[in-house]
Amino acid sequence: MDPTAEQPETLPPAIASRLRRLDRAEAIFDPRSDRAVLEAARSYFAARPAAPARRSRWALPLGAAAAVLLAAVLVRPLVFHTPSADDVDGSGRVDVLDVLALARMRAAGGDASGITDTRIEELAYRIVALDSARRAP
Amino acid sequence: MSRARVLHAALALLCAAAVLSTPAQPEAGTFTTVDVFVVSDTPVAAWQVELTERRGAMQIVGIERGDDSTFRDPPFYDRVALERSTTDRIVLASFSLSDAAQLPRGKVRVARVHVRATGSAQPDYEARLVAVGTADGRPIDAQLSLETQPER
């Protein structure tokens, strides 16, 4: 059976009359009621003392500290050069002299140096790589 | 039509077919060797050079070490560069752990690059010395020069 199909009214008269009473139209407020409510609200809030603006005494120092910290983080890479692991001789650039330094350390210390021939070759091929993705920093 | 004329026509057709079926020879290009020299009064233990062809029209077909046997053969280079049909540059580098007394000084040929130049214009090479150092790893001032020779 289709529930949306209109059914003939079969409710008992008492229930039907109570439902009709509930189904009446909404009350409409006229502009005079709105104005009265608005004026009452204004007079109420006008009588309340204004709350003073509260600011923590730590707000200014904390803000300044945060600003300094942010500036330090942003400027750090420009001021302090982070040495690359490939910059063996600490010259600030990675080139064949770093490969030579690594090879000399390997020759002097042998296996105890912890430097392998593979690492030396890898660095050597990185410094001659044409593509930036494979190039030494 | 005589038999001789028919025979001549058949021969001409055969010759034409033979000529047309011969595959076209690829353009050979110009092969040159580019010798890279480092000039230094101090014995050289490590060097790094960037070789550029300004028009970007060189094909590197081979790389050899220089005259001094204390350096490895061949120098380090990007192997991808040899797989490319053309490239505009290549970086070469090598080092030696020999004693300073055995290392070369003066004008030393450190590498020979075999290049196939494409196009009709003369190749225009430029080299830059990236780094040169002594046996103890100290950087030194040195000069660089190139010499090109046609191979064929």
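Remember, predicted model here, so these are calculated numbers, not experimental data.

Participant: Which parts of the structure should I look at to understand the overall build of chain B?
Facilitator: From N to C terminus, chain B includes two helices and seven strands. When the elements of chain B are put in sequence order from the N terminus, they spell out α-β-β-β-α-β-β-β-β. Of all 152 residues assigned to chain B, the portion counted as buried reaches 30%. Of the contacts formed within chain B by residues at least 6 apart in sequence, a portion of 79% connects residues at least 24 apart.

Participant: Even after reading the chapter, I still don't get the nonpolar core, so can you show me in this structure?
Facilitator: The tendency in soluble globular proteins is for nonpolar side chains to be buried side by side. Core analysis: the biggest nonpolar cluster contains 46 residues, and V96, V99 and L100 of chain A together with V36, W47, L92 and A93 of chain B have the highest contact counts within it. Elements supplying a minimum of two residues to this core: α4 (96-109) and α5 (117-127) of chain A together with β1 (30-40), β2 (46-53), β3 (58-65), β4 (89-95), β5 (106-117) and β6 (125-133) of chain B.

Participant: Where do I start with the interface of chain B and chain A in this structure?
Facilitator: In many reports, interface size means the accessible area that the parts give up when they come together. Chain B puts 20 residues into the contact, and the matching count from chain A is 16 residues. Contributions of two or more residues to the side of chain B that touches chain A are made by β2, α2 (79-83), β4 and β6 of chain B. Tallying contributions element by element places β4 of chain B first for the side of chain B that touches chain A, with five residues.

Participant: So what exactly am I meant to see when it comes to the environment of E50 of chain B here?
Facilitator: Residue and element names in this part refer to chain B. With respect to the helices and strands, the residue E50 is situated in strand β2. Residue class for E50 comes out partly exposed when judged on the 17 C-beta atoms lying within 10 Å of it. Between the alpha carbons of E50 and L92 there is a distance of 6.3 Å; along the sequence they are 42 residues apart. E50 has contacts with R89, V91, A127, R128 and V130, leaving out every residue within four places of it along the chain.

Participant: What am I meant to see in α5 of chain A here?
Facilitator: Side chains that are three or four residues apart share a direction in an α-helix, a result of its 3.6 residues per turn. Regarding α5 of chain A, the residues found buried are L123, A124 and I127 of chain A. Mapping the buried residues of α5 of chain A onto a view down its axis gives an arc of 100°, with all of them on the same face. Close packing links the buried residues of α5 of chain A with α4 of chain A together with β2 and β4 of chain B.

Participant: Is there a simple way to think about the sheet that holds β3 of chain B in this case?
Facilitator: Strand-to-strand pairing in sheets goes through backbone hydrogen bonds, with the strands running parallel or antiparallel. Residue and element names in this part refer to chain B. Here we have four strands laid out as an open sheet, ordered β3-β5-β1-β7, and antiparallel in their pairing. Taken across any chain shown, the strands that pair with only one partner, and hence form the sheet edges, are β3 and β7 (143-150). Averaged over all pairs of adjacent strands, the angle between their axes in this sheet comes to 25°, without regard to strand direction.

Participant: Please explain the packing of α4 of chain A against α5 of chain A as it appears in this structure.
Facilitator: Any two packed helices are characterised by how steeply their axes cross, that is the angle between the axes, and by the distance between the axes. All names here are of chain A. Running from amino to carboxyl end, α4 crosses α5 at an angle of 175°, the nearest separation of the two axes being 9 Å. When the interaxial angle is binned, α4 and α5 end up roughly antiparallel. On α5, the residues that touch V96, D98, V99, L102, A103 and R106 of α4 are R119, I120, L123, A124 and I127. For the contact of α4 with α5, the residue count by class is eight nonpolar, no polar and three charged.

Participant: Honestly, the sheet that holds β2 of chain B in this entry has me stumped. Any pointers?
Facilitator: Residues and elements named next belong to chain B. The strand order across the open sheet formed by three strands is β4-β2-β6, and the pairing between neighbours is antiparallel. In this open sheet, the two edge strands, each paired with only one partner strand, are β4 and β6. Between one strand and the next, the sheet's axes are offset by a mean angle of 15°, whatever the strand orientation. Sheet topology places β2 next to β6; eight bridges connect them, and they run antiparallel. The partner of A46 across the bridge, within β6, is G133.

Calculation criteria
- Residues numbered from 1 in each chain as written.
- Chains lettered and ligands numbered in written order.
- Predicted model: local features only at pLDDT ≥ 70, side-chain atom pairs only at ≥ 80, totals over all residues.
- Helix = DSSP H or I, 4+ residues; strand = E, 2+ residues; numbered from the N terminus.
- Buried ≥ 20, exposed ≤ 12 C-beta atoms within 10 Å, placed from the backbone.
- Contact = placed C-beta atoms within 7 Å.
- Core = buried A, V, L, I, M, F, W, Y, C linked by C-beta atoms within 7 Å.
- Arc of directions from axis to C-beta.
- Pairing = 2+ DSSP bridges.
- Axes fitted to C-alpha atoms, helices over the stretch in contact; angles between N-to-C directions.
- Parallel < 35°, antiparallel > 145°, perpendicular 65-115°, else oblique.
- Nonpolar A, V, L, I, M, F, W, Y, C, P; charged D, E, K, R; others polar.

The values are spatial; any link to function lies outside them.
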